[in-house]
Amino acid sequence: MTDADDLRARTRALLADHPPATTSRAGFLAARFDAGLAWVHYPEGLGGLGAARSLQSVVDAELAAAGAPDNDPRRIGIGLGMAAPTILAYGTEEQKRRFLRPLWLGEEVWCQLFSEPGAGSDLAALSTRAVLGDDGVWTVTGQKVWTSSAHLARWAILIARTDPAQPKHRGITYFLCDMTDPGVEVRPLRQITGEAEFNEVFLTEVRIPDSHRLGEVGDGWQVARTTLMNERVSIGGSTGGRESGMIAPLARTWRERPELRTHALHQRLITLWVESEVARLTGERLRQQLAVGQPGPEGSGLKLSFARLNQQISGLEVELLGEEGLLYDDWTMRRPELVDFTGRGPGYRYLRSKGNSIEGGTSEVLLNIVAERVLGLPTEPRTDKDVAWKDLAR
């Protein structure tokens, strides 16, 4: 069994053989992956050592102390938080070896082709079609929307309907789509912030080999649930110390601008500060649970809290600043590589946080998940449960 002492020794050996000061970033990251210190809980040969997930912090602490480079996790968050655990759970050995290394190194950016104009909250209603030809290649046609990083991505995780005669939660298959293939068109969606961090993606007879199918034909919904659970954990359960995240700039403004303070605003700030700390500690507990198992519906509750707090905190920040809060730093149309809440002004935080209750599952859908799967309440009546997708009213 690999323990903490063994991991410290392995990490120090990596640092000795590849000193961060004299080794290129790419070279160091490659050596780290090959040493099994990327994801220590992944299998050997796939960036890990089959160790306990909780021991990753041992490696990270040693590397941080040595000033070693990271793999820019914010830029490749979809790959790390969604694609990688799904490929690990359902991929063939060939798929794992092909995709996991360049994904972790950041050589290949990933995006998520799930939501559609008519299938957002009700994702299982998706209509993008995939038809298998005699040559063993699937032809995919449809439209996806709200796709973060599609303008940067080389690969996408994609779900499409392969059997319209099945009820909507069945007859769906999960694919790995090459975003550079003919028939893939990415168009920017300019948001209320002025940026186009999201995209819509049009798929016109895109050919995907069956070797890029993840999981069994028709089992895509089950595979997608693994992705979605990991997505909600990655959105709502981000790491950080006390007073990190959205509460940080608000608390800083409060301390630096005493002339803005009122008793009523102080009471609201204290309430949100405490709730933010509770959410942070809950996220830490969830990460500890993940160290010994798999993500569950608890991530949905954490993501719910994340959305609500971000919107309330950013609203209070704008209110605290008064007229200054109405200013906006930059309306330039650009297609950013990541969302930077704390690197922009209060106006940006206020506007961008409106999307937190939509992305990664709407708050309304997550409330149902928490009610049914965490609290054990009766499920909502479904009239479409056993009806073929092709027969549903649209």
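See the structure shown above.
Thresholds, definitions, all that
- Residues numbered from 1 in each chain as written.
- Predicted model: local features only at pLDDT ≥ 70, side-chain atom pairs only at ≥ 80, totals over all residues.
- Heavy atoms only, no water.
- Helix = DSSP H or I, 4+ residues; strand = E, 2+ residues; numbered from the N terminus.
- Rg over C-alpha atoms; globule rule 2.2 N^0.38 Å.
- Buried < 20%, exposed > 50% of the residue type's maximum accessible area, 1.4 Å probe, protein only.
- Contact = heavy atoms within 4.5 Å.
- Lys, Arg positive; Asp, Glu negative; His and termini not counted.
- Charge placed at Lys NZ, Arg CZ, Asp CG, Glu CD.
- Salt bridge = Lys/Arg side-chain N within 4 Å of Asp/Glu carboxyl O.
- Phe/Tyr/Trp six-rings, centres within 6.5 Å; stacked < 30°, edge-to-face > 60°.
- Lys NZ or Arg CZ within 6 Å of the ring centre and 35° of its normal.
- Axes fitted to C-alpha atoms, helices over the stretch in contact; angles between N-to-C directions.
- Left-handed = near helix turned anticlockwise from the far one by under 90°.
- Nonpolar A, V, L, I, M, F, W, Y, C, P; charged D, E, K, R; others polar.
- Pairing = 2+ DSSP bridges.
- Patch = residues over 30% accessible without salt bridge, like charges linked within 9 Å, V, L, I, M, F, W, Y side chains within 5 Å.
- Areas by Shrake-Rupley, 256 points an atom, 1.4 Å probe, with all protein chains shown as cover.
- Polar contact = N/O pair within 3.5 Å; in protein donor to acceptor, adjacent residues only side chain to side chain.

(A) Local environment of the overall build of the chain. Each helix and strand counted, the chain has 11 helices and eight strands in total. For the chain, whose C-alpha radius of gyration is 22 Å, the value lies close to the compact-globule estimate of 21 Å for 394 residues. The principal-axis extents of the C-alpha atoms in the chain amount to approximately 70 × 55 × 45 Å. Scored against the burial criterion, the 394 residues of the chain give a buried share of 49%. Across the chain, the fraction of contacts at a sequence separation of at least 24, relative to all contacts at a separation of at least 6, is 70%. Charge separation in the chain, taken as the distance between the mean sites of 46 positive and 52 negative side-chain charges, equals 2 Å.

(B) Fine view of the environment of Pro336. Its place among the elements puts Pro336 in the loop between helix 9 (298-321) and helix 10 (346-352). With 168 residues separating them in the primary sequence, Pro336 and Lys168 have C-alpha atoms 35 Å apart. Not counting the four nearest positions on each side in its chain, Pro336 is found in contact with His151, Leu152, Glu195, Ala196 and Glu197.

(C) Inspection of the pattern of salt bridges at higher detail. This model, assessed by the stated rule, comprises 33 salt bridges. Residues Glu277 and Arg280 are paired through a salt bridge, measuring 2.6 Å at the closest nitrogen-oxygen approach. With a gap of three residues between them, Glu277 and Arg280 both fall in helix 8 (residues 263-290), about one helical turn apart. You can call Glu277 buried: its relative accessible area is 10%. In this structure, the salt-bridge partner of Arg349 is Glu317, at a minimum N-O distance of 2.8 Å. Of this pair, Arg349 sits in helix 10 while Glu317 sits in helix 9; the two residues are 32 residues apart in sequence, bridging distant segments of the chain. One salt-bridge network, held together by shared partners, links Glu195, Asp329, Asp330, Arg334 and Arg344.

(D) Spotlight on the packing of aromatic side chains. Counting across every chain of the model gives 11 aromatic pairs. Their ring planes at 80° and their centres at 4.9 Å tell us that Phe99 and Trp155 sit as a pair that is edge-to-face. Here Trp155 lies in strand 4 (residues 155-161) and Phe99 lies in helix 5 (residues 93-105), a separation of 56 residues in the sequence. Accessibility classification places Phe99 together with Trp155 in one group, the buried group. Aromatic ring contacts, followed pair by pair, group Phe33, Trp39, Tyr42 and Trp104 into a single cluster. The ring of Phe202 has Arg187 sitting right over it, with the charged end atom 4.1 Å from the ring centre.

(E) Structural detail: the packing of helix 1 (residues 4-17) against helix 3 (residues 56-65). With their axes 9 Å apart at the nearest point, helix 1 and helix 3 run at an angle of 35° to one another. Between helix 1 and helix 3 lies a crossing of right-handed hand. Between helix 1 and helix 3, the contacting residues are Ala4, Leu7, Arg8, Thr11, Arg12, Leu14 and Leu15 on the first element and Val58, Val59, Glu62 and Leu63 on the second. In terms of residue class, the contact of helix 1 with helix 3 is made up of seven nonpolar, one polar and three charged.

(F) Structural view of the pairing of strand 4. The buried count for strand 4 comes to seven of seven residues, which makes it a mostly enclosed element. Here strand 1 (residues 110-113) runs beside strand 4; their pairing, made up of four bridges, is parallel. If you follow Cys111 over to strand 4, its bridge partner there is Ala156.

(G) Broad picture of unusual backbone geometry. Located in the positive-phi region is Asp72, a residue other than glycine, with phi close to 55°. As for its placement among the helices and strands, Asp72 is situated in the loop between helix 3 and helix 4 (77-90). Of note, Glu243 is a non-glycine position whose phi angle comes to about 60°, a positive value. Relative to the helices and strands, Glu243 is located in the loop between helix 6 (220-236) and helix 7 (247-256).

(H) Just a nonpolar patch on the surface, in detail. Taken together, the side chains of Ile270, Val274 and Val278 define a hydrophobic patch exposed on the protein surface, amounting to about 230 Å² of accessible area. Position of Ile270 among the secondary structure elements: in helix 8. Note on Ile270: relative accessible area 40%, which makes it partly exposed.

(I) Representation of the side chain of Ser353 within the structure. With respect to the element layout, Ser353 can be found in the loop between helix 10 and helix 11 (363-374). At a separation of 3.0 Å, a polar atom in the side chain of Ser353 contacts the main-chain carbonyl oxygen of Tyr350. Once residues within four sequence positions are removed from consideration, Ser353 is found in contact with Met246, Asn310, Gln311, Ser314 and Phe341.

(J) Local environment of the side chain of Thr227. Locating Thr227 in the fold gives a position in helix 6. When its relative accessible area of 0% is taken as the criterion, Thr227 is described as buried. Within the structure, Thr227 has its side chain in polar contact with the side chain of Thr86 (distance 2.8 Å). If we ignore the near neighbours within four places in the chain, the residues touching Thr227 are Met82, Thr86, Gln112, Phe114, Ile157 and Tyr174.

Spatial relationships are all this shows, so hold off on functional conclusions.
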